[in-house]
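What follows is the residue order along each chain.
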Amino acid sequence: QVIDDLLVAQRTADSFSDDRGAASGRSGPVAVASTLVARIPATEISANATKEVIRGGQIGVDVVVSNPGAATATGAVVETVIPAGTQLLYIGSQGACSPDPASCGAGSTLSWTLGNLVPGSQQTISYALSVKEDAALRQRRQVVTLTTNEEDPQIALATTSVVAGALRIDKS
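Cut-off values and rules
- Residues numbered from 1 in each chain as written.
- Predicted model: local features only at pLDDT ≥ 70, side-chain atom pairs only at ≥ 80, totals over all residues.
- Heavy atoms only, no water.
- Helix = DSSP H or I, 4+ residues; strand = E, 2+ residues; numbered from the N terminus.
- Polar contact = N/O pair within 3.5 Å; in protein donor to acceptor, adjacent residues only side chain to side chain.
- Disulfide = S-S within 2.5 Å.
- Buried < 20%, exposed > 50% of the residue type's maximum accessible area, 1.4 Å probe, protein only.
- Pairing = 2+ DSSP bridges.
- Axes fitted to C-alpha atoms, helices over the stretch in contact; angles between N-to-C directions.
- Contact = heavy atoms within 4.5 Å.

Chemist: Can you explain the side chain of N67? Please cite residues and give values.
Modeler: Structurally, N67 can be placed in strand β5 (residues 58–67). From its side chain, N67 meets the backbone oxygen of A71 in a polar contact 2.8 Å long.

This is how it looks when you write it as structure tokens:
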């Protein structure tokens with residue numbers, strides 16, 4: 001923990017032998033209470049995604065990162081992996097895709113380096129995925145992770161169901 005984030009109030013006394021101690025009949029060691037107050041960040045993350053989409057449609061994801069704690073969270077990074085049957089459509093200016101930004105599809109990692117999150121701050125990250133036309137009809141789960149230097153990783157989940165489109169019959 002950074003020294004600036006610790007408030008330490010401590011008093012020690014080896015003996016009490018001045019005139020006031022002698023006058024009261026007390027002498028010898030005196031116990032003095034110590035108080036340690038640690039100011040720490042308390043980051044939070046939440047994720048919301050389009051609830052239902054048809055093949056060929058788009059999944060929009062909004063991730064909210066906040067620090068309602070009493071200290072700055074340093075080195076904040078948000079990451080997620082693109083689920084099967086989808087491909088990146090939009091990531092925003094702060095985001096990056098690896099290993100290959102040119103073909104950012106299923107299995108690729110999306111990341112946003114947020115840096116420091118000061119107490120009371122909140123940031124929103126938005127990205128969009130396109131669902132492939134041949135994607136399986138099942139749920140797509142976004143597992144989004146926030147890591148900082150001070151805390152264990154925080155995880156948020158957002159789920160989208162890929163459903164069949166409306167059946168259309170043309171009589172000719």
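Chemist: Describe in detail the state of the cysteines, supporting the description with residues and values.
Modeler: According to the stated counting rule, one finds one disulfide in the structure shown. Linked covalently through their sulfurs, C97 and C104 form a disulfide whose S-S length is 1.7 Å. Here C97 and C104 share a disulfide; its torsion about the S-S bond, 95°, makes the bridge right-handed. Like C97, the residue C104 is buried in the burial classification.

Chemist: Explain the sheet that holds strand β11 (residues 139–147) to me, and be specific about the residues and the numbers.
Modeler: In spatial order, the strands read β4-β12-β11-β6-β9-β8; together these six strands make up an open sheet with mixed pairing. Lying at the two open borders of the sheet, with one neighbouring strand each, are β4 (52–54) and β8 (95–98). Across this sheet, the average inter-strand angle for adjacent strands is 25°, counted without regard to direction. Direction of pairing for β8 relative to strand β9 (residues 109–117): antiparallel, over a ladder of four bridges. Bridged to C97 within β9 is L110.

Chemist: Pulling in residues and values, what's your account of the sheet that holds strand β3 (residues 44–49)?
Modeler: Pairing within the open sheet is antiparallel, and its four strands lie in the order β3-β5-β10-β7. Two strands lie at the open edges of the sheet, namely β3 and β7 (86–90), each paired on one side alone. The average angle at which neighbouring strand axes cross in this sheet is 30°, direction not considered. Bridge analysis of β7 against strand β10 (residues 121–131) gives four bridges, and the strand direction is antiparallel. The partner of Q87 across the bridge, within β10, is S130.

Chemist: Could you give an account of the side chain of Q142, naming the residues involved and the relevant values?
Modeler: Secondary-structure assignment places Q142 in strand β11. We classify Q142 as buried; its relative accessible area is 3%. At a separation of 2.9 Å, a polar atom in the side chain of Q142 contacts the side chain of T80. Filtering out sequence-adjacent residues up to four positions away, Q142 remains in contact with V61, T80, V81, P83, Y127, L129, A156, L157 and A158.

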